[in-house]
Each structure stands twice: as C-alpha cells, then as structure tokens.
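Residues per chain, in single letters:
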Amino acid sequence: MNWEAFLAPYLQVVEELKVKLRGMRAQFEHESKHSPIEFVTGRVKPVASILEKAYQKNISIDQIEAEIQDIAGLRVVCQFVDDIYTIVDMLKTRNDFEIVEEKDYIQEKKESGYRSFHLVIKYPVETIRGEKRVIAEIQIRTLAMNFWAINEHSLNYKYEGQIPTQIKARLKAAAEAAFNLDEEMSKIKDEVQEAQRIFHQNKNKH
Ligand code: 0O2
C-alpha cells in the first residue's frame, strides 16, 4: 500500500476545508457579529490509527476508503450549544460538498459520555486524474465538549481503550459537568455576546 499516494487527496481535503471553515469565522468577525465558530482544526488520521481502526472494525485494506469515514477530520469548536446547530444549518446549505450522514451525539450522547455533532461529507477534490469525491468527517462541538473529549481521548490512549472503572465513572461525571456548564453559559449567552461585541468594536477602533 502506497500510503503517501492514498492519503494525498485526504490531505488536500483537510487543507481546503480548514481554509473554508476559517473563512466563515473571518466573515463573522468582519461584520462584528458573534462568530458561532471559536476555532477550527483539521488532521489526516495517522496510518497507525487507520490500521488500528481497520483491525477493530474487522475490515480489510481495500475496504478502508469506504468504511473509515474520518481519515480526513475537521473540527469546529463553538462557544455555545446553539452555535453548533447554526453551523450545521449553514453547512447544510452549501453546495461545495454533499452531506452523507449526520450523527447528533448531543441529543444522544455516547456511552462514554461523549457529546459532539458529526457530519460525514463527500467532498470533491481536483486531482491530476480528475475529480475525486473524498469522504471526510466534520466534528462540531463546544469548548466544554472539546475539553472533555481531549482528556478522555488521552486516557483512552494511556489505557489502550481499557480505562479503569473508577476513572470511567469520573469521566461520566465530568461529561455531565461539562454539559451543565454549557447549559449555564447558554442562559447568559446574550450578556456574553454583547460584551464580546463591545470588545471587538473597541479593538477595531485602534
Ligand atoms: P481519533 O483518534 O480522534 O481519530 P461508527 O462506525 O459510526 O459507530 P466511528 O467510525 O468511530 O463509529 O464514528 P464516530 O462515532 O462518528 O466516531 C469517530 C470519531 O469521533 C472518533 O475517532 C473520535 O474522534 C470521536 N469520538 C467518538 N466517540 C468518542 C468518545 O467516546 N470519546 C472521544 N474522546 N472521542 C470520540 P477515532 O478514530 O475513535 O479517534
């Protein structure tokens, strides 16, 4: 398997989508509006993780392209839960890619306590051999959900997917605390946004 050649279109997708999603944030900022996007990251899944996932899902090398949907991964991090749905609605109206699947792990959190909204898309990239429609996953989550997911991910790595029961329970409690933080912040969202608008206006004056 020539991994470099296989992953090249995925890298292209990640780079193009990072520019486009960061562009959305910049547009909100130019208009001095609250940006539903706090920051955007992207990565191509490392080969070792692709192979590990293929092994866990019991899929062969030639099924990887169709079966592993997050080889190209984008992450949009928002301040408020409402912002997630604003972004999802905006992404649904775009015509530069097709949405093939939606996973709302906010309405239905995962067993681990994980919350996030996932959009699986097919994004057309131009290659020297013509157009290729590449599968990518966009994860949209709040800062609080991101904080939790990053920590849980580290622990999963440390314990090779076998997090001890006691820590698992703490993580579940932490997931609920993050959820409550999002709920509390939502209640003072207008206040926070007004303060941020004033801050940006003053910053642009200088
Ligand atoms: P990494 O290292 O982030 O790339 P499915 O076949 O649809 O049931 P699949 O393909 O795993 O399952 O898709 P899903 O559920 O949309 O999850 C894909 C990615 O979401 C994961 O990629 C994680 O990034 C994130 N995710 C899902 N569940 C959890 C969780 O419980 N905790 C954390 N921290 N992240 C989660 P990878 O390949 O697992 O990991």
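The numbering scheme is per chain: residues are counted from 1 as the chain's sequence reads. Under the rules for a predicted model, residues below a pLDDT of 70 receive no local features and side-chain atom pairs below 80 are neither given nor counted, while totals for whole chains, interfaces and linings still include all residues. Derived side-chain values reflect all non-hydrogen atoms in the structure, with water molecules and hydrogen atoms excluded from consideration.

The protein has the name GTP diphosphokinase in an unreviewed UniProt entry, where Aquibacillus salsiterrae is given as its organism. In its Pathway (unreviewed entry) section, the UniProt record describing the protein reads: "Purine metabolism; ppGpp biosynthesis; ppGpp from GTP: step 1/2." UniProt positions are given in the numbering used here, feature names are shortened, and annotations may be inferred rather than shown by experiment.

A word on the site of the ligand. When we say a residue is near a molecule or strand, we mean one of its heavy atoms is within 4 Å of it. Close contacts around the ligand come from 16 residues, with Lys-45, Lys-110, Ser-112, Glu-152 and His-153 the closest. Polar contacts, as used here, are pairs of N or O atoms within 3.5 Å; protein pairs need one atom able to donate a hydrogen and one able to accept it. Residues neighboring in sequence count only if both atoms are side-chain atoms. Here Arg-43 contributes a side-chain N or O atom positioned 2.8 Å from an oxygen atom of the ligand. Within the side chain of Ser-112, a nitrogen or oxygen atom sits 2.6 Å from an oxygen atom of the ligand. Computed with a 1.4 Å probe, the accessible areas rest on the Shrake-Rupley method; for each residue, only the protein chains presented here act as cover. Computed on the free molecule, the ligand has an accessible area of 750 Å², of which 72% lies beneath the protein chains in the complex. When each cavity is represented as a set of grid points, the ligand is found to reside in the largest pocket. Secondary structure elements are defined from DSSP: runs of H or I of at least 4 residues count as helices, runs of E of at least 2 residues count as strands, and each element is numbered from the N terminus. Elements represented by at least two residues in the shell around the ligand include exactly β5 (130–142) and α5 (143–158). Here the shell around the ligand gets three residues from one element, more than from any other, and that element is α5. In this classification, the charged set is Asp, Glu, Lys and Arg, the nonpolar set is Ala, Val, Leu, Ile, Met, Phe, Trp, Tyr, Cys and Pro, and all remaining amino acids, among them Gly, are polar. Residue composition of the shell around the ligand, by class: three nonpolar, four polar and nine charged. Here a cavity is any set of points on a 1 Å grid over the protein atoms alone where a 1.4 Å probe fits but cannot get out, and a pocket is any open set with protein on both sides within 12 Å along at least 5 of 7 lines; a residue lines the site when it has an atom within 4 Å of a point. More than half of a molecule's atoms lying within 2 Å of a cavity's or pocket's grid points is what places that molecule inside it.

With that settled, the discussion passes to the pattern of salt bridges. The term salt bridge refers to a pairing of a side-chain nitrogen on Lys or Arg with a carboxyl oxygen on Asp or Glu at a separation within 4 Å. One pass over the full model with this rule turns up 16 salt bridges. A salt bridge links Glu-29 to Arg-25; its shortest N-O distance comes to 3.3 Å. Of this pair, Glu-29 and Arg-25 are both found in helix α1 (residues 3–30), four residues apart, which corresponds to roughly one turn of the helix. Exposure categories follow from relative accessible area, calculated using a 1.4 Å probe and restricted to protein chains: below 20% of the type maximum is buried, above 50% is exposed, and the middle band is partly exposed. The exposure class assigned to Arg-25 is partly exposed, which follows from its relative accessible area of 26%. Beyond isolated ion pairs, a larger network of salt bridges with shared partners links Arg-43, Lys-45, Lys-53 and Asp-70.

Let us now look at the side chain of Arg-115. In this fold, Arg-115 is placed in the loop between β3 (98–104) and β4 (117–127). Taking the relative accessible area as the measure of exposure, Arg-115 reaches 9% and is therefore buried. Of note is the side chain of Arg-115, whose polar atom sits 3.4 Å from the side chain of Glu-176. By definition, residues are in contact when any of their heavy atoms lie within 4.5 Å. If sequence neighbours within four positions are ignored, Arg-115 has contacts with Tyr-105, Ile-106, Lys-109, Arg-141, Met-145, Ala-175, Glu-176 and Phe-179.

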